[in-house]
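Listed here are the chains, written in short residue letters.
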Amino acid sequence: MQIYQVKEAKIELIEDFIHKNERLFGKKLTEESYVVEVDGSIEGCFNLEMVDKSTYWLKQLYLNKEHVQKLFVVFESVLVISRKNDIKCVYVHNQSPVVDILLESLQFKRESDVTFKNINSEKTGNWWAYQVS
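Residues numbered from 1 in each chain as written. Predicted model: local features only at pLDDT ≥ 70, side-chain atom pairs only at ≥ 80, totals over all residues. Heavy atoms only, no water.

Engineer: Could you give an account of a nonpolar patch on the surface, with specific residues and numbers?
Structural biologist: On the surface, a cluster of nonpolar side chains totalling about 240 Å² of accessible area is made up of Met1, Phe72 and Val73. Within the secondary structure, methionine 1 sits in the segment before strand S1 (2-5). (Patch = residues over 30% accessible without salt bridge, like charges linked within 9 Å, V, L, I, M, F, W, Y side chains within 5 Å. Areas by Shrake-Rupley, 256 points an atom, 1.4 Å probe, with all protein chains shown as cover. Salt bridge = Lys/Arg side-chain N within 4 Å of Asp/Glu carboxyl O. Helix = DSSP H or I, 4+ residues; strand = E, 2+ residues; numbered from the N terminus.)

Engineer: A description of the sheet that holds strand S5 (residues 89-94) should follow, citing residues and the corresponding values.
Structural biologist: Pairing is mixed across the open sheet formed by seven strands, whose spatial order is S1-S2-S3-S4-S5-S7-S6. With one partner strand each, in any of the chains shown, S1 and strand S6 (109-111) form the two edges of the open sheet. Each strand axis lies, on average, 30 degrees off the axis of its neighbour in the sheet, ignoring direction. Against the sheet, helix H1 (residues 11-20) engages S1, strand S2 (34-38), strand S3 (41-52) and strand S4 (55-63), with an angle of about 90 degrees to S3. (Pairing = 2+ DSSP bridges. Axes fitted to C-alpha atoms, helices over the stretch in contact; angles between N-to-C directions. Contact = heavy atoms within 4.5 Å.)

Engineer: I'd like to hear about the pattern of salt bridges, residue by residue, with values.
Structural biologist: Following the criterion strictly, the structure yields three salt bridges and no others. Residues glutamate 49 and lysine 59 are paired through a salt bridge, measuring 3.1 Å at the closest nitrogen-oxygen approach. Residue glutamate 49 is found in strand S3, and its partner lysine 59 is found in strand S4; the two are separated by ten residues along the sequence. The closest approach of N and O atoms between aspartate 86 and lysine 88, which form a salt bridge, is 2.9 Å. Since its relative accessible area comes to 49%, aspartate 86 is described here as partly exposed. (Buried < 20%, exposed > 50% of the residue type's maximum accessible area, 1.4 Å probe, protein only.)

Engineer: Can you break down the nonpolar core residue by residue, with the values?
Structural biologist: In terms of nonpolar packing, the biggest core is built from 25 residues, with Phe46, Leu48, Leu58, Phe75 and Phe108 touching the most fellow members. Elements with a minimum of two residues in this core: S2, S3, S4, helix H3 (71-84), S5, helix H4 (97-105) and strand S7 (126-131). Counting residues per element, this core draws most heavily on H3, which supplies six residues. Discounting residues that sit within four places of it in the chain, phenylalanine 108 has contacts with Leu79, Val90, Val92, Leu103, Trp128, Ala129 and Tyr130. (Core = buried A, V, L, I, M, F, W, Y, C linked by side-chain atoms within 4.5 Å.)

Engineer: For the packing of H3 against H4, give the residues involved together with the corresponding values.
Structural biologist: Between H3 and H4, whose axes approach to 11 Å, the crossing angle comes to 45 degrees. In terms of orientation, H3 and H4 fall into the oblique class. Handedness of the crossing formed by H3 with H4: right-handed. Along its contact with H3, which presents Leu71, Phe72 and Phe75, the element H4 presents Val99, Leu102, Leu103 and Ser105. Split into classes, the residues belonging to the contact of H3 with H4 amount to six nonpolar, one polar and no charged. (Parallel < 35°, antiparallel > 145°, perpendicular 65-115°, else oblique. Left-handed = near helix turned anticlockwise from the far one by under 90°. Nonpolar A, V, L, I, M, F, W, Y, C, P; charged D, E, K, R; others polar.)

Engineer: Outline the side chain of asparagine 94, listing residues and values.
Structural biologist: Along the polypeptide, asparagine 94 turns up in strand S5. Setting aside residues up to four positions removed in sequence, asparagine 94 forms contacts with Val99, Asp100, Leu103, Gly125, Asn126 and Trp128.

As structure tokens, then:
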């Protein structure tokens, strides 16, 4: 499994992934998005959207159902990427109780009130924060 930015991916792999998942993503992948490649095929993606200079929001995390068991490794990779890019805090919004357990096991802390400039706070689910060290 490899995780890297879309701008480093082969065009045909991106096009194949978007085609297979068109209803989910359309054209929401940007050069700053990351892809998850497994055995020569893109099987997932995520965006780290800047909130401010040192705070990012992990959004649109997706893995094809055949690779959902790799979710823990993907979250750990997000934290490694954050450390390398001097990100101090990563927020995640989640609506799945199973992923809540995973986030808690990775030492994310549940947040009760999250508001970002120009980002509407979701009404359902939970917000989580990880202080990157």
